[in-house]
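Residues per chain are reported as follows:
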Amino acid sequence: MRERRRAPRVYLKGHVSLSIGGHMLELPAADISVSGVGVLIDAAILGSKPSGEVGVCRIDSPDLGGTIEAYVSVMRIRRMGERRLVGLRFESISDDELELIREYKRKCRENPAAS
């Protein structure tokens, strides 16, 4: 299967608050990159075809060194048992927040056992 991501992702332990399609969701983070964040969600929550929907997310993780808030769109959904891995693409994010992600990715590369 060909990789479609624009930027490699690294594992992220944390929580994502997502406001999308009239829902306010608290979700566990799965991974992150400078282009987006992956979250785990129960299959029934977003409905059948949420791809392309736009919302706002807030990412809280002690590993990032700060909170990230961004406008996101739903890019892809992959089934993982009873849950789905939802890829959220950053549509609007500040340079400072992108730098937090870049720094976290650098730390993960330097210490692969931590990621």
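To start, this report covers the structure provided alongside it. Given the structure is predicted, the values throughout are model-derived calculations rather than measurements.

Looking at the side chain of S35
Note that S35 resides in the loop between strand 3 (23-33) and strand 4 (36-42). A polar atom in the side chain of S35 sits 3.0 Å from the side chain of S33.

Here we look at the nonpolar core
One finds L18, I32, I59, L88 and F90 to be the most contacted residues of the largest nonpolar core, which totals 27 residues. Sorting the residues of this core by element identifies strand 2 (15-20), strand 3, strand 4, strand 5 (54-60), strand 6 (68-80), strand 7 (83-92) and helix 1 (95-110) as the ones contributing at least two each. Apart from the residues within four sequence positions on either side, I59 is in contact with L12, H15, V16, I32, V37, L64, G66, T67, I68 and F90.

Structural notes on helix 1
Taking 1.5 Å as the rise per residue, helix 1 with 16 residues should run 22 Å; its terminal C-alpha atoms sit 22 Å apart, in good agreement. Listed in full, the buried residues belonging to helix 1 are E97, L98, I101, Y104, K105 and C108. Relative to the axis of helix 1, the buried residues are bounded by an arc of 120° and lie together on one face. The outward face of helix 1, more than 90 degrees from its buried face, is lined by the exposed residues D95, D96 and E110. Buried residues in helix 1 make contact with strand 1 (10-11), strand 3, strand 6 and strand 7.

Rules used in this analysis
Residues numbered from 1 in each chain as written. Predicted model: local features only at pLDDT ≥ 70, side-chain atom pairs only at ≥ 80, totals over all residues. Heavy atoms only, no water. Helix = DSSP H or I, 4+ residues; strand = E, 2+ residues; numbered from the N terminus. Polar contact = N/O pair within 3.5 Å; in protein donor to acceptor, adjacent residues only side chain to side chain. Core = buried A, V, L, I, M, F, W, Y, C linked by side-chain atoms within 4.5 Å. Buried < 20%, exposed > 50% of the residue type's maximum accessible area, 1.4 Å probe, protein only. Contact = heavy atoms within 4.5 Å. Expected span 1.5 Å × (residues − 1). Arc of directions from axis to C-beta.

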